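Structure assessment
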Amino acid sequence: MRIDVWSDVVCPWCWIGKRRLERALALLGDAAPEVELHSHPFLLDPEAGSEPVPLREAYARKFGGAERSAQMLASTQATARAEGLPFDFDRGQVRVTTLPAHRLLWLAAREGGAGRAAEALFHAHFAEGRNLADPGVLVAAGQAAGLPEARIRALLAGDEGEAEVRAQVAQAQAMGIRSVPTFVIDGRHVVQGAQPPDLFAQALRRAGAVAAAAPEAGTGDAACGPDGRRA
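My aim in this report is to walk through the structure given alongside it, one point at a time. Since the structure is predicted, the reported quantities are computational estimates derived from the model, not experimental observations.

This part covers the nonpolar core. Core analysis: the biggest nonpolar cluster contains 51 residues, and L121 and V180 have the highest contact counts within it. In terms of residue count, the dominant contributor to this core is helix α4 (residues 99-111) (seven residues). Discounting residues that sit within four places of it in the chain, V180 has contacts with W6, S7, D8, C11, C14, F42, L44, Q192, A223 and C224. Ranked by size, the runner-up nonpolar core spans 13 residues in total, among them V5, L21, A24 and A203.

What follows deals with the side chain of Q192. For Q192, the location among the structural elements is in strand β6 (residues 189-192). For Q192, a relative accessible area of 13% translates into the label buried. For Q192, the side chain forms a polar contact with the main-chain oxygen of P181, separated by 3.1 Å.

A word on the packing of helix α1 (residues 12-28) against helix α9 (residues 197-209). In a packed pair of helices, the relevant descriptors are the angle between the two axes and the axis-to-axis distance. Contact pair α1 / α9: the axes reach a minimum separation of 8 Å and the direction vectors enclose 65°. Read as a crossing pair, α1 and α9 show a hand that is right-handed. Counting all contacts with α1, which are made through G17, R20, L21, R23, A24, L25, L27 and L28, the residues of α9 involved are P197, D198, F200, A201, L204 and R205. Here the residues of the contact of α1 with α9 sort into nine nonpolar, one polar and four charged.

Quick look at the sheet that holds β6 now. Spatially, the four strands line up as an open sheet ordered β2-β1-β5-β6, and their pairing is mixed. Because the sheet does not close on itself, it has two edges, and the strands there are β2 (36-41) and β6. With direction set aside, neighbouring strand axes in the sheet form an average angle of 20°. Pairing of strand β5 (residues 182-185) with β6 involves four bridges; the strand directions are antiparallel.

Under the criterion given, the structure shown has nine aromatic pairs. Aromatic pair Y59 and F63: ring centres 5.2 Å apart, planes at 75°, arrangement edge-to-face. A single burial state applies to Y59 and to F63, both of which are buried. Centroid distance F87 to F89: 5.7 Å. Interplanar angle 80°. Geometry classified as edge-to-face.

Attention now goes to the state of the cysteines. For the structure on display, the rule yields one disulfide. Sulfur-sulfur distance for the disulfide between C11 and C224 comes to 2.3 Å. Since a negative S-S torsion denotes a left-handed disulfide, the C11-C224 link at about 80° is right-handed. With a gap of 213 residues between them, C11 in the loop between β1 (2-7) and α1 and C224 in the segment after α9 connect regions that are remote in the sequence.

Criteria and cut-off values
- Residues numbered from 1 in each chain as written.
- Predicted model: local features only at pLDDT ≥ 70, side-chain atom pairs only at ≥ 80, totals over all residues.
- Heavy atoms only, no water.
- Core = buried A, V, L, I, M, F, W, Y, C linked by side-chain atoms within 4.5 Å.
- Buried < 20%, exposed > 50% of the residue type's maximum accessible area, 1.4 Å probe, protein only.
- Helix = DSSP H or I, 4+ residues; strand = E, 2+ residues; numbered from the N terminus.
- Contact = heavy atoms within 4.5 Å.
- Polar contact = N/O pair within 3.5 Å; in protein donor to acceptor, adjacent residues only side chain to side chain.
- Axes fitted to C-alpha atoms, helices over the stretch in contact; angles between N-to-C directions.
- Left-handed = near helix turned anticlockwise from the far one by under 90°.
- Nonpolar A, V, L, I, M, F, W, Y, C, P; charged D, E, K, R; others polar.
- Pairing = 2+ DSSP bridges.
- Phe/Tyr/Trp six-rings, centres within 6.5 Å; stacked < 30°, edge-to-face > 60°.
- Disulfide = S-S within 2.5 Å.

This is how it looks when you write it as structure tokens:
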């Protein structure tokens, strides 16, 4: 079974959704399909630059003030921690472009370490408050995936992988993907957002049993979108 997932490394629901998919596969036990996971980039904030802006400040401007954005962050953090993820929005997270991070993931995918690189990037942002546009942070994430430091620095020094990343982002737009995470199972079944593990498991069962079924979409509440990103 092939699962394509579109996500961004600063979308909290993308890390939550990744963990919930893993739990869904565990729920299925021996009935779990053999999954081939393919990750694709999505730029939640394409206007963000390399100069860091405090995340709480950016959220306050975007979501109607400091009080409302603080409530959103606290709620999301509680949800993530319930999934066993070490979210800590008091670590000074910043708003920056994620294009370099996606270029790193593009390289890691070619070398067979995309999953480990993604975990390292999620952890760096949500648990440590690290700047994902900082080359040192990206080098550390790449090394966690088994990539040589010199290879990562060579990637970051040029524009290798940028055209490929932008092409995949454009593909998502052409497919009508407007929020993440978005999971597409075997090219037919669409699961939108970080659905609970039991709903993910149902989708996996349906996809395995009905190969020619029409696309189905879960609710998109637990998702991030550029026009109204949920924390």
